[in-house]
Amino acid sequence: MNAMAQTAISVSVRDLSLSFGAVKVLKSLNLDVAEGEFVVLLGPSGCGKPTLLNCIAGLLDIPEGRVFIKGRNVTWEELADRGIGMVFQSYALYPQMSVERNLSFGLRVAGMPKDEIARRIARAAEILQIEPLLKRKPAALSGGQRQRVAIGRALVRDVDVFLFDEPLSNLDAKLRSELRVEIKLLHRRLKNTMIYVTHDQIEAMTLADRIAVMKGGVIQQFDAPQVIYNRPVNRFVAGFLGSPGMNFLEGRLEQAATGWRFAAEGVSIPLSTYDFETTPRPGPAAFGIRPEHVGLNSGAGWPFSASAAVEVVEPMGSDTLVWLKLAGQNFSVRVTSERAPRAGEMVTVGLDPLRASLFDDVGNRL
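In short, a report on the structure. (Residues numbered from 1 in each chain as written. Predicted model: local features only at pLDDT ≥ 70, side-chain atom pairs only at ≥ 80, totals over all residues. Heavy atoms only, no water.)

**Considerations on the sheet that holds strand S20 (residues 357-360)**
Item 1. Taken in spatial order, the five strands of this open sheet run S13-S12-S11-S14-S20, and their pairing is antiparallel. A strand with exactly one partner marks an edge of an open sheet, and here the two such strands are strand S13 (267-270) and S20. Ignoring which end each strand starts from, the neighbouring axes of this sheet average 40 degrees apart.
Item 2. In this sheet, strand S12 (residues 259-264) lies alongside strand S11 (residues 247-256) in antiparallel orientation, the contact comprising five bridges. Each residue of the ladder has a partner; that of Leu 253, found in S12, is Phe 262. (Pairing = 2+ DSSP bridges. Helix = DSSP H or I, 4+ residues; strand = E, 2+ residues; numbered from the N terminus. Axes fitted to C-alpha atoms, helices over the stretch in contact; angles between N-to-C directions.)

Spelled out as C-alpha cells, the structure:
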C-alpha cells in the first residue's frame, strides 16, 4: 500500500513472538494497520490469528515484541486502558440483564455520567437498528440480534480501534451474509480502525481493505484482496484463497528458442505473456491458474489450448464446475450453467499465462 508512508498508523505490532510451551505460535511478526483501515487476519486453524488479536487486545502477556496503538506503547497495559473495543465469537452477554443494561454495564462500572451513557446507548442502538430490543433479555433474541448487541457493547465505548474475533462463525449462512453487509456499512459510517479475525475467505474478501494471510505464526502476504487473489506470493496463499481452489499443474520451467515455457506430461505452455516476479531459471515448477480464468470451447486466440475429455460436471447454481484431466492431472474449469458440457464430452481448454501464477519447487512465486 503506497499510501501507508503518508497515512497515520493506528496499530503497530513489532517483532512479536509468542510460544505456548514448546509450540511457537507467533514468530517475529510485524504488522502496521493504517488509521481507519479494515484489516482481516485470515488463515487456517492454528495459524495464530486469535493469538495475535489477543496480544493486541492485552488478553495475553507478550514475552517478546511490542504493540503500539495510536503511537503509544501499550505492550504492558490492560485491555481497559488500550482504547479498544472487542467483539467475541461467543457474544458474552449477561443473560440476566436487558440489552440496555448489557450495553451500559462497562460504562456504569467506569463511573460514567448517566446522561452520557444514555447518549451512547441511543447512538449505538440507532446505528445497529436494535432500538426495539433494548428492554429484552438475551434469551429472547436471535443469534443475529445477540451479535448486534455484542457489537453495540464495543461501540458504546467510543474507541478508535475495534477488534473482532470470528464474530459471525456461530451464525447460519444467511445471517452471516446479512451481518457481513452490516459490518461493512458500520465501518464505512464510523471510519474507525477495525481488525477482524476469520477463517472464512468470503468474509475476508468482502470486508477487508487489506488481508493478512497467516500460516504457522507468520504473515505470508499482506495486501489488498484482489492483489492477494490474483498475485499470490507463494503456493500456500494461492491454494488457500479461492473456492474451488486454484489448479496446480506439476512440471518444469524450460527455456526454448522461442522463450520460456512450462512443460508437463504432453503439455508445453508458452510463457511469453507471463509477468515473472524473479529472473526465471530452468527447474521444477508448478503452473497455477484459477478455474474461472480458463476458457472452455471459447474459440481461438488463446496462447495455449488443448483437448480433453470431461470427467465430472458439478452444477453449482449459476455456475458449473467442470473437471477433466490436463497433463495427466486433475483440472477444473468454472463456466456458466448454460455453457456446461456433459460428462464424457470432448472439450477445448484455453489458457493465458497472463492470468496464471508460477511457483518454484519450494512454493515461492516465480
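**A word on the packing of helix H3 (residues 114-128) against helix H5 (residues 173-190)**
Item 1. It is the contact of H3 with H5, at a shortest axis distance of 11 Å, that shows an interaxial angle of 130 degrees. As judged from the angle between their axes, H3 and H5 are oblique. For the pair formed by H3 and H5, the contact residues are Arg 123, Glu 126, Ile 127 and Leu 128 on the first element and Leu 186, Arg 189 and Leu 190 on the second.
Item 2. Across the contact of H3 with H5, the residue classes break down as four nonpolar, no polar and three charged. (Parallel < 35°, antiparallel > 145°, perpendicular 65-115°, else oblique. Contact = heavy atoms within 4.5 Å. Nonpolar A, V, L, I, M, F, W, Y, C, P; charged D, E, K, R; others polar.)

**Considerations on helix H4 (residues 143-155)**
Item 1. Compared with the 18 Å implied by 1.5 Å per residue over 13 residues, the 18 Å span of H4 between its first and last C-alpha is a close match.
Item 2. Within H4, eleven of the 13 residues are buried, leaving the element largely enclosed by the surrounding structure.
Item 3. Contacts from the buried residues of H4 go to strand S6 (84-87), helix H2 (99-109), H3, strand S7 (161-165) and H5. (Expected span 1.5 Å × (residues − 1). Buried < 20%, exposed > 50% of the residue type's maximum accessible area, 1.4 Å probe, protein only.)

**Structural notes on the packing of aromatic side chains**
Item 1. Per the stated rule, a full pass over the model turns up seven aromatic pairs.
Item 2. Considering the side-chain rings of Tyr 94 and Phe 105, the 4.8 Å spacing of their centres and the 55 degrees angle between planes classify their relative orientation as tilted. Placement of Tyr 94 in the loop between S6 and H2 and of Phe 105 in helix H2 is noted, with a sequence separation of eleven residues between them.
Item 3. You can call Phe 105 partly exposed: its relative accessible area is 27%.
Item 4. Judged by centre distance (4.9 Å) and plane angle (80 degrees), the rings of Tyr 274 and Phe 276 are edge-to-face.
Item 5. A relative accessible area of 7% places Tyr 274 in the buried class.
Item 6. Feature note: the residues Phe 38, Phe 164 and Tyr 196 constitute an aromatic cluster, connected by ring pairs.
Item 7. Just above the ring of Tyr 229 sits the side chain of Arg 290; from NZ or CZ to the centre is 3.9 Å. (Phe/Tyr/Trp six-rings, centres within 6.5 Å; stacked < 30°, edge-to-face > 60°. Lys NZ or Arg CZ within 6 Å of the ring centre and 35° of its normal.)

**Things to note about the sheet that holds strand S3 (residues 38-42)**
Item 1. A sheet is described by the order of its strands in space; here six strands give the open sequence S6-S7-S8-S3-S9-S10, paired in mixed fashion. With partners counted over all chains shown, the strands left at the sheet margins are S6 and strand S10 (218-223), one partner each. Direction aside, the axes of adjacent strands within the sheet are offset by 15 degrees on average.
Item 2. Strand contacts of H4: S6 and S7, with the helix running at about 170 degrees to S6, the strand carrying the most contacts.
Item 3. In this fold H5 packs onto S3, S7 and strand S8 (193-198), with an angle of close to 160 degrees to the strand it touches most, S8.

**Things to note about the pattern of salt bridges**
Item 1. The final tally for this structure, using the stated rule, is 17 salt bridges.
Item 2. Two residues, Glu 116 and Arg 120, come together in a salt bridge whose shortest N-O distance is 2.9 Å. With Glu 116 and Arg 120 both in helix H3 and four residues apart, the pair spans about one turn of that helix.
Item 3. A residue is classified by how much of its surface remains accessible, and Arg 120, at 15% relative accessible area, is buried. (Salt bridge = Lys/Arg side-chain N within 4 Å of Asp/Glu carboxyl O.)

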